[in-house]
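Notes for the structure review
One-letter residues, chain by chain:
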Amino acid sequence: MPEAVDYSALEHLRDGRPVKIRALRPDDRADMLAAIGRTSMQSLQRRFFVPKKGFSERELAFFLDIDFEAHVALVAQIDEDGQPIIAGGGRYIVVRPGHAEIAFVVVDDYQGQGIGTILMRHLAVLARDAGLKELIAEVLPENSAMLKLFKKFGFKTASKGSPQVIHLASALNRVLRFMVHSIGTRYRNPRSERRYPPARASSRHTKLPVKPWPYHRCRFE
Ligand SMILES: CC(C)(COP(=O)(O)OP(=O)(O)OC[C@H]1O[C@@H](n2cnc3c(N)ncnc32)[C@H](O)[C@@H]1OP(=O)(O)O)[C@@H](O)C(=O)NCCC(=O)NCCS
C-alpha cells in the first residue's frame with residue numbers, strides 16, 4: 001500500500017485558519033459532492049473545460065477510486081462552523097512513466113487563500129517520493145490564477161497545440177526549487193514544514209499508468 005494513502009499534514013490559510021491537507025478517501029463522496037455544489041460554473045468549466053452541471057457515476061468512481069500510485073489525490077479540509085468540509089482538491093495522474101498531469105479545483109469561497117499553492121507543494125513532494133520526473137498541465141488561457149500558480153512553481157509553456165489550451169510542463173526538480181523559494185517567502189510555516197515527509201534515499205519507480213483518462217484532465221477529449 002503506498003504511503004500517500006495515509007498522507008496528512010497541517011497547513012494554514014493566508015488568514016491564519018488551519019487547513020488539513022490529506023489523502024482523498026472513498027468515504028469523501030458526500031463531502032466532495034457538497035464541495036462541487038459550492039463551486040461556480042466558471043470554476044468547474046476552468047477545471048474541466050466544458051460546462052459541468054453534474055457528474056456521472058463513472059466519473060465519480062474515477063475521482064474517488066484512487067490507487068495513490070498512478071493516481072494521487074489530496075483534499076484541503078477546513079472546519080466550517082465546527083464541521084469539516086472539503087474546500088478544494090488537487091490530483092495528479094501518471095500519464096506515461098515518470099510524467100504526471102496535475103490539476104486543481106478550489107471552492108470559490110476559499111479561492112485566493114493559498115489552498116491551490118499548498119496543494120501544489122504537497123503533491124510535488126508526493127510526486128518526488130514516487131520518483132516522478134515531470135509534471136504537466138493544461139490550462140485555459142483566461143485562467144490567470146492557475147497560470148500564476150503554475151508560474152510560481154517554474155512551469156513553462158510546453159507546446160503550442162490548440163490556441164484554446166495552454167500546455168505547461170516543469171521538471172519536478174525545478175518545481176521543488178521554486179517551491180523552496182515560495183516557502184521561503186510567503187508561505188513559510190515551520191509547523192507544517194516539519195510534517196513534510198522526508199525525501200527517500202532512493203526513489204522507486206512509479207507504477208505505470210493503467211490508461212490515460214479524460215476525466216482527470218481539465219479538458220474532456
Ligand atoms: C486556480 C485555482 C486552483 C487556484 O487556487 P487558489 O487557492 O485560489 O490559489 P492561491 O490562493 O494559492 O493563489 C495562487 C496565485 O493565484 C493568484 N490568484 C488567485 N485568484 C486569482 C484571480 N482570480 N485572478 C488572478 N490571480 C489570482 C493569487 O494571488 C496567487 O498568486 P500570489 O501568491 O502571487 O498572490 C483556483 O482559483 C480554482 O479552483 N479555480 C477554478 C478551477 C481551475 O481553474 N482549475 C485549474 C484547472 S488546471
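Everything numeric here is computed off the predicted structure, so don't read it as measured data. (Residues numbered from 1 in each chain as written. Predicted model: local features only at pLDDT ≥ 70, side-chain atom pairs only at ≥ 80, totals over all residues. Heavy atoms only, no water.)

Remarks on the nonpolar core
Note the cut-off: Think of a nonpolar core as a cluster: buried Ala, Val, Leu, Ile, Met, Phe, Trp, Tyr and Cys residues, connected wherever their side-chain atoms sit within 4.5 Å. Buried means the residue's accessible area, taken with a 1.4 Å probe over protein chains only, is under 20% of the maximum for its type, while exposed means over 50%, and partly exposed covers the values in between. A run of H or I in DSSP becomes a helix once it reaches four residues, and a run of E becomes a strand once it reaches two; helices and strands are each numbered from the N terminus. We call two residues in contact whenever any of their non-hydrogen atoms come within 4.5 Å of each other.
Among the nonpolar cores identified, the biggest contains 62 residues, and Y92, I102, M120 and F150 are the most heavily contacted of them. Ranked by the residues each element gives to this core, the list is headed by helix α4 (residues 115-129), at nine residues. Here M120 is in contact with I102, F104, L135, L149, F150, F153, F155 and V175, once residues within four sequence places are set aside.

Some remarks on the sheet that holds strand β8 (residues 166-171)
Going by this rule: Pairing between two strands requires that DSSP report at least two bridges joining them. Angles run from 0 to 180 degrees between N-to-C directions of axes, and those axes are lines fitted to C-alpha atoms, restricted for helices to the stretch in contact.
Spatially, the eight strands line up as an open sheet ordered β1-β2-β3-β4-β5-β6-β8-β7, and their pairing is mixed. This sheet does not close on itself; its edge strands, each paired only once, are β1 (8-12) and β7 (156-159). Ignoring which end each strand starts from, the neighbouring axes of this sheet average 30 degrees apart. Both strand β2 (residues 18-23) and strand β3 (residues 71-80) contribute to a ladder of four bridges, which runs antiparallel. Paired with K20 across the strands is Q77, a residue of β3.

Looking at the environment of F49
Here F49 shows up in the loop between α2 (41-48) and α3 (57-64). Residues F49 and E138, spaced 89 residues apart in sequence, show a C-alpha to C-alpha distance of 9.7 Å.

Structural notes on empty space enclosed by the protein
Short version of the rule: Whether a set of points on the 1 Å grid over the protein atoms alone is a cavity depends on a 1.4 Å probe fitting there but being unable to get out, while an open set qualifies as a pocket with protein on both sides within 12 Å along at least five of seven lines; lining residues are those with an atom within 4 Å of a point. Grid points are joined across faces, edges and corners, and a volume is the space filled by probe spheres set on the points.
Considering all chains together, one arrives at one cavity of 30 Å³ or more under this definition. Together, 23 residues line the largest cavity, and M32, I36, G89, R91 and V105 are the ones closest to its centre. Of all the elements in the fold, those that place two or more residues in the lining of the largest cavity are α1 (29-37), α2, β3, β4 (83-96) and β5 (99-106). With five residues, the single largest contributor to the lining of the largest cavity is β4.

Details of unusual backbone geometry
The backbone phi angle of F49 is positive, close to 70 degrees, even though this residue is not glycine. In this structure, D81 is a non-glycine residue whose phi angle is positive, near 55 degrees. Within the secondary structure, D81 is located in the loop between β3 and β4. A residue is classified by how much of its surface remains accessible, and D81, at 77% relative accessible area, is exposed.

Overview of the side chain of Q113
Examined against the element boundaries, Q113 turns out to sit in the loop between β5 and α4. Each residue touching Q113, except ones within four places of it in the same chain, is listed here: L13, R14, D15 and R17.

Some details on α4
This is how it is decided: Here, expected helix span is obtained from the residue count minus one, scaled by 1.5 Å.
The terminal C-alpha atoms of α4, which comprises 15 residues, lie 21 Å apart, in line with the 21 Å expected from a rise of 1.5 Å per residue. Extensive coverage of α4 is indicated by the burial of 14 of its 15 residues.

Describing the packing of α1 against α3
The test is simple: Throughout this description, any angle smaller than 35 degrees is read as roughly parallel, any larger than 145 degrees as roughly antiparallel, any in the 65 to 115 degree range as roughly perpendicular, and the remainder as oblique. Left-handed describes a crossing in which the near helix is turned anticlockwise from the far one by less than a right angle; the clockwise case is right-handed. Each residue gets one label: Ala, Val, Leu, Ile, Met, Phe, Trp, Tyr, Cys and Pro are nonpolar, Asp, Glu, Lys and Arg are charged, and the others, such as Gly, are polar.
Packing of α1 against α3 leaves a shortest axis separation of 11 Å and a crossing angle of 110 degrees. Considered as vectors, α1 and α3 are oriented roughly perpendicular to each other. Here the hand of the crossing between α1 and α3 comes out right-handed. Residues R29, M32 and L33 of α1 lie in contact with α3, whose contacting residues are E57, L60, F63 and L64. Taken together, the residues of the contact of α1 with α3 break down into five nonpolar, no polar and two charged.

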